[in-house]
Amino acid sequence: MNNICVKHLSKSFDGKMVFDNLNMSISGREMTCIMAPSGAGKTTLLRILMGLESADCGSVSGLENKRFSAVFQEERLCEGMTAQDNIRLVMPTLGNQAVIREMARLGLGDCYNQPVSELSGGMRRRVSILRALLAEYDVLFLDEPFKGIDDTLKEQVIAYVKEKTRGKTVVFVTHDRKEAFDMGAGIIELL
Amino acid sequence: MSVEPLKEKHKIRLWAVLFWMIVWQLASIWLDSDILLVSPVKVVCRLSQLMMTAAFWKAVCFTLSRIASGFFLAVAAGVTLAAVSSYFTRVQELLAPFMLAVKSVPVASFIILALIWFSSRNLSILISFLMVLPIIYTSVLSGIRSVDRQLLEMAYVFRIPKLRVVRYIYLPQIMPFFYSACSVALGMSWKAGAAAEVIGIPKGSIGERLQQAKVYLDTPDLFAWTLVIVAASLFFEKIVLYFMSKVVEKCSAMCMGKDE
């Protein structure tokens, strides 16, 4: 997987500039953390990289014909479906037993057949992380992935994410320096 | 608020029905004139007499088949047009004045116009179609518009196939709109279809029997046939909604089967 190159990227909403003339290179087969304070345009940048938003000017290369996976800022789960079905929605070839086994590793073993609408915020977050990690992808985007997960579980989840993403291209966005350090990611500061 | 408590709240209670039947009976005794207000007992007697005749069932089948045809054609057209409109803004803009006109023009005007253009035999198909079409179209279009954009973005990023997106993201969010539209439209199709038959008087229809009852001031017949329309309408509504839920279940199972 080649590097992702961002060149002279600019984006504004209703005349308000989010970022201007942004340049960066994100290494392939590594985890890269984009750090910036709130409102600096981290999520907007991620949305442009995922093809959900178009930039005002500039270019992004290295993502052509690549399969994406993502943990969004919101969980974006289908409320009427079980946790297991939400995961299998993006990865239908995955067997039930495999899903249940992976869910158990993130402390979701008892709720695989429960509708996600009945799960707590932290559990829903872990389901969305699992969905992203179990999907087939070339590039994984993580937008504040550990938001809402309590500190006792965060370590376990971080270890799981690191294990599953080893040698893969991951773009990780956070404003928490400790999270970036724990994930062992290369850091790019968005100023 | 969930749907179940709402249903429970609007449930028809037997004691309330009995109360109004007693009021009706007492009013008819007080008026003492079958032409003005026939008693419920006489209506039931007349209805049982009618049910013994072949002509009764022929009339019911005649009207039911036509109103049902109009309804199903409108459902198919409404869903298709809503799906197309949600993709193409120009189609939506093109259809907006037509749907508004169909909704606003009095049903009597349509009936008279249709009688000038066509024979009365299939009038109730057209009228039922015209009454149902804008209801289904508007509701399904609203349903499509209300689909969670964030889930659609998720589906786009994960490249979930279209069929699965329709099944798991669109359908669950559109179905409540579709069901409530069908529920309203089913009642409307019967009201408008029966009105069309009363004005057009197609031979062998319930409308013709209602018209005859009016001409001969045969109030027991009028009430009996009205009861038939109400019963047929309720029966049709229950059957249609039941089968619709079965079809959706079947489609879901088929989608799951393909995936697994």
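It should be noted that the structure appears before, not after, this text.
Bear in mind the structure is a predicted one, so any value in this text is a computation, not a measurement. (Residues numbered from 1 in each chain as written. Chains lettered and ligands numbered in written order. Predicted model: local features only at pLDDT ≥ 70, side-chain atom pairs only at ≥ 80, totals over all residues. Heavy atoms only, no water.)

A. A look at the sheet that holds strand S6 (residues 139–143) of chain A. All names here are of chain A. Pairing within the open sheet is parallel, and its five strands lie in the order S5-S6-S7-S3-S8. Strands with a single pairing partner mark the edges of an open sheet, and in this sheet they are strand S5 (68–71) and strand S8 (186–189). Across this sheet, the average inter-strand angle for adjacent strands is 20°, counted without regard to direction. Sheet topology places strand S3 (residues 31–35) next to S8; four bridges connect them, and they run parallel. Among the inter-strand pairings, Cys33 is bridged to a residue of S8, identified as Ile187. Strand contacts of helix H4 (residues 121–134): S5 and S6, with the helix running at about 170° to S5, the strand carrying the most contacts. (Pairing = 2+ DSSP bridges. Helix = DSSP H or I, 4+ residues; strand = E, 2+ residues; numbered from the N terminus. Axes fitted to C-alpha atoms, helices over the stretch in contact; angles between N-to-C directions. Contact = heavy atoms within 4.5 Å.)

B. Spotlight on the nonpolar core. In terms of nonpolar packing, the biggest core is built from 125 residues, with Phe141 of chain A together with Phe71 of chain B touching the most fellow members. Counting residues per element, this core draws most heavily on helix H9 (residues 162–200) of chain B, which supplies 12 residues. Contact partners of Phe141 of chain A, with chain neighbours within four places excluded, come to Leu46, Leu49, Met50, Leu63, Phe68, Ser69, Ala70, Val71 and Val171 of chain A. The next biggest cluster of nonpolar side chains, apart from the first, holds 10 residues, and it includes Val102, Ile111, Leu130 and Ala196 of chain B. (Core = buried A, V, L, I, M, F, W, Y, C linked by side-chain atoms within 4.5 Å. Buried < 20%, exposed > 50% of the residue type's maximum accessible area, 1.4 Å probe, protein only.)

C. Local environment of unusual backbone geometry. You will see that Arg29 of chain A, though not glycine, has its phi angle at about 55°, which is positive. By the secondary structure assignment, Arg29 of chain A is in the loop between strand S2 (16–26) and S3. One non-glycine residue, Leu217 of chain B, lies in positive phi territory at about 50°. Note on placement: Leu217 of chain B falls in the loop between helix H10 (206–215) and helix H11 (219–259).

D. Examining helix H6 (residues 107–117) of chain B more closely. Residue and element names in this part refer to chain B. Of all the positions in H6, only Phe110, Ile111 and Ala114 are classed as buried. Burial along H6 is one-sided: seen end-on, the buried residues are contained in an arc of 100°. For H6, the elements touching its buried residues are helix H5 (89–104), helix H7 (123–145) and H9. (Arc of directions from axis to C-beta.)

E. Layout of the sheet that holds strand S1 (residues 4–13) of chain A. All names here are of chain A. The strand order across the open sheet formed by three strands is S2-S1-S4, and the pairing between neighbours is antiparallel. With partners counted over all chains shown, the strands left at the sheet margins are S2 and strand S4 (57–61), one partner each. Sheet twist, expressed as the mean angle between neighbouring strand axes with direction ignored, is 20°. Pairing of S1 with S2 involves seven bridges; the strand directions are antiparallel. Bridging from a neighbouring strand, Leu9 pairs with Leu22 of S2.

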